[in-house]
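# Structural features, examined
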Amino acid sequence: MRPLCHYIRLQGLGIEKQLTRLEQMGYTLYDVRRVDLRTVELGFAVNEGEAILSFLQARGFSCTALPPRGAVQTLHQFKTRTPFVIFLLCALLLLSFSMRCIWRIEITGAGAYIGEVRSFLKEENLSIGRAKQAIDLKAIESRLTHRLPRVAWVHASLHGLTLCIDVTQGVPMPDIESCLGNGSIIAAQDGVIEAISVFAGTAAVQPGDSVKAGDVLIYGHERGANDTLLPVRARGSITAHTYISATAAVSAQQLSIHRTGNSQIQYLAHLPMLELPLAPSPSYLTEEFESSYLPVGGAWIPLQIEKRTVFELYLQQEAPDEAAIKAEAARLSLQNLLLKCSKNDEIIDKWLYYSMIEGGILSATVTAQVLTEIGLFSPETPE
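Quantities reported herein were computed from a predicted structural model and do not represent experimental measurements.

### A look at the side chain of His270
Looking at the secondary structure, you find His270 in strand 16 (residues 254-271). Taking the relative accessible area as the measure of exposure, His270 reaches 16% and is therefore buried. In terms of polar contacts, His270 uses its side chain to reach the side chain of Glu306, at 2.5 Å. Once residues within four sequence positions are removed from consideration, His270 is found in contact with Glu275, Tyr293, Pro302, Leu303, Gln304 and Glu306.

Right, dumping it as structure tokens:
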């Protein structure tokens, strides 16, 4: 294995003879290369360098050090970059340490309890920079769930450098129907029964039956032993085809404004917070004007004279755009219809008709066939 070597450039006469003598003395030379007639480049072991240089310089040769090569060059570069290497090692050490801590806290689903959750984290010293090993996720979940009684559960987890706390709020318990609140289900509006599902009680209608508002759909009793009727609170789902109408009215009159050709000039004086007419205004029923201003007083007296040309106008009724008016009336009536529909209603079909009302009013009425829930609970009245 080659040792660490120094390289020199040797200049002088009779170099070959001296190099041969060095080899005879037991020194090993590496990478011997002739540059020109009087110049040779060579390498030798670092531990033998002082003896070889003394031998050659004593015989009058000029020795010039060459840049390091191979392992010596690598070692030299490492020494020159020692501060950078130390900085890099420190950065890697700091990064390795920071990866063991949390640097972000994410709270989701807390809603109105967000302040209480943050107070809990502050009390438990769970802040940015806390070591992951010192965080007990199960304890966080248990303590937060106990601290917030209206919360269903809390889930704490670590995702990378983030502490995630997911809060699921409790859902209020629905009202429990009392066994004493017996009664029947009646029709809220007219319709034709599409489907009926009875959960409690006895069905009074079947699909295809026509019912009116107030008719009983599910009786509030069931047949028990010995054909006795037991009162219950009727429960079920009844869908029916029914009809909903909505109306909207739009003015069908359109007026245009024209000038009659009559006009009159009027002068007015304008002061700050004050306007003074210098001539009476014309007595037109409908008018418009154009103005031009002339500053009189300059910067010291803020006075302006307005020359106002007043034009007489008249209104003329024009033929309305029937298609546009009908489209606007139809849009408004459909909008009113949707406001009457419930969230789960299904519109099967709809039709629209128009009518002209006295006074130039166009009325649009839309009627829709809707599949909707018409059941309405009717409590049993005491006898």
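### Comments concerning the domain arrangement of the chain
Annotation of the chain at the domain level lists domain 1 (5-76), domain 2 (104-169), domain 3 (178-239), domain 4 (247-252 + 320-372) and domain 5 (254-318). Computed over C-alpha atoms only, the centres of domain 1 and domain 2 are separated by 73 Å.

### A short note on the confidence of the model for the chain
Mean pLDDT for the chain: 84, with 92% of residues reaching 70 or above. Highest mean pLDDT in the chain belongs to strand 11 (residues 210-211) (92); lowest belongs to helix 3 (residues 70-80) (64). Note on residues 173-179: pLDDT is under 50 here. Beyond four places in sequence and across chains, it has 3 contacts.

### Let's talk about unusual backbone geometry
At Asp31, a position not held by glycine, the phi torsion is positive, near 50°. Relative to the elements of secondary structure, Asp31 occurs in strand 2 (residues 29-36). Judged by its relative accessible area of 37%, Asp31 falls in the partly exposed class. In this structure, Asn125 takes a positive phi of about 60° despite not being glycine. With respect to the secondary-structure elements, Asn125 resides in the loop between helix 5 (114-123) and helix 6 (137-147).

### So, the packing of aromatic side chains
In this description, an aromatic ring pair is defined by two values, namely the gap between the centres and the angle between the planes. What the rule picks out here adds up to 1 aromatic pair. Here Arg308 stacks its cationic end above the ring of Phe289, 4.2 Å away from the centre of that ring. Above the plane of the ring of Tyr354 lies Lys326, whose end atom (NZ or CZ) is 5.1 Å from the centre.

### Looking at the packing of helix 5 against helix 6
Where helix 5 meets helix 6, the axes come as close as 11 Å, and the angle between the chain directions of the two elements is 135°. By the angle class used here, helix 5 and helix 6 are oblique. For helix 5 against helix 6, the interelement crossing comes out right-handed. Listed contacts from helix 6 to Glu116, Val117, Ser119, Phe120 and Glu123 of helix 5 are Ile140, Arg143, Leu144 and Arg147. Residues belonging to the contact of helix 5 with helix 6 are distributed by class as follows: 4 nonpolar, 1 polar and 4 charged.

### Observations regarding the environment of Thr247
With respect to the helices and strands, Thr247 occurs in strand 15 (residues 235-251). Taking the C-alpha atoms as reference, Thr247 lies 8.9 Å from Thr367; in sequence the two are 120 residues apart. What Thr247 contacts, discounting residues up to four positions off in sequence, is Ser333, Asn336, Ser363, Ala364 and Thr365.

### Considering the sheet that holds strand 7 (residues 162-169)
The strand order 5-7-6 describes an open sheet built from 3 strands, whose pairing is mixed. Here the strands that pair on one side only, and so sit at the sheet edges, are strand 5 (104-108) and strand 6 (151-159). Between one strand axis and the next, the sheet turns through 15° on average, direction left out of account. Packing against the sheet, helix 5 makes contact with strand 5 and strand 7, and its axis sits at approximately 145° to strand 5. The sheet contacts of helix 6 involve strand 6 and strand 7, and relative to strand 6 the element is tilted by about 155°.

### Brief notes about the side chain of Thr162
Within the secondary structure layout, Thr162 lies in strand 7. Setting aside anything within four residues of it in sequence, one finds Thr162 in contact with Arg104, Glu106 and Ser157.

### Some words on a nonpolar patch on the surface
On the surface, Phe84, Phe87, Leu88, Leu89, Leu92, Leu95 and Met99 cluster together into a nonpolar patch covering about 750 Å² of accessible area. Mapped onto the secondary structure, Leu92 falls in helix 4 (residues 82-98). For Leu92, a relative accessible area of 49% puts it in the partly exposed group.

### Things to note about the pattern of salt bridges
Across all of its chains, the model carries 12 salt bridges by this definition. The salt bridge partner of Glu41 is Arg9, with a shortest N-O separation of 2.7 Å. Highlighted residues: Glu41 in strand 3 (residues 39-45) and Arg9 in strand 1 (residues 5-11), separated in sequence by 32 residues. Here Glu41 falls in the buried class, since its relative accessible area comes to 6%. Residue classification places Arg9 among the partly exposed positions, given a relative accessible area of 31%. Note that Arg143 and Glu124 form a salt bridge whose closest N and O atoms lie 2.9 Å from each other. Highlighted residues: Arg143 in helix 6 and Glu124 in the loop between helix 5 and helix 6, separated in sequence by 19 residues. Among the residues examined, Arg143 registers a relative accessible area of 45% and is labelled partly exposed. Looking at Glu124, the relative accessible area reads 30%, which means it is partly exposed. Within the structure, one salt-bridge network assembled from shared partners comprises Arg9, Arg33 and Glu41.

### Thoughts on the sheet that holds strand 12 (residues 216-219)
Two orientations exist for strands paired in a sheet by backbone hydrogen bonds: parallel and antiparallel. Here 4 strands make up an open sheet; going across it, the order is 10-12-8-22 and the pairing antiparallel. Bordering the open sheet on either side are strand 10 (202-203) and strand 22 (375-379), each of which pairs with just one other strand. In the sheet, strand 8 (residues 183-187) pairs with strand 12 via 2 bridges, with the strands oriented antiparallel. By the bridge assignment, Ile185 is partnered in strand 12 with Ile218.

The rules behind the values
- Residues numbered from 1 in each chain as written.
- Predicted model: local features only at pLDDT ≥ 70, side-chain atom pairs only at ≥ 80, totals over all residues.
- Heavy atoms only, no water.
- Helix = DSSP H or I, 4+ residues; strand = E, 2+ residues; numbered from the N terminus.
- Buried < 20%, exposed > 50% of the residue type's maximum accessible area, 1.4 Å probe, protein only.
- Polar contact = N/O pair within 3.5 Å; in protein donor to acceptor, adjacent residues only side chain to side chain.
- Contact = heavy atoms within 4.5 Å.
- Domains from an automatic or database assignment.
- pLDDT = per-residue confidence, 0-100.
- Phe/Tyr/Trp six-rings, centres within 6.5 Å; stacked < 30°, edge-to-face > 60°.
- Lys NZ or Arg CZ within 6 Å of the ring centre and 35° of its normal.
- Axes fitted to C-alpha atoms, helices over the stretch in contact; angles between N-to-C directions.
- Parallel < 35°, antiparallel > 145°, perpendicular 65-115°, else oblique.
- Left-handed = near helix turned anticlockwise from the far one by under 90°.
- Nonpolar A, V, L, I, M, F, W, Y, C, P; charged D, E, K, R; others polar.
- Pairing = 2+ DSSP bridges.
- Patch = residues over 30% accessible without salt bridge, like charges linked within 9 Å, V, L, I, M, F, W, Y side chains within 5 Å.
- Areas by Shrake-Rupley, 256 points an atom, 1.4 Å probe, with all protein chains shown as cover.
- Salt bridge = Lys/Arg side-chain N within 4 Å of Asp/Glu carboxyl O.

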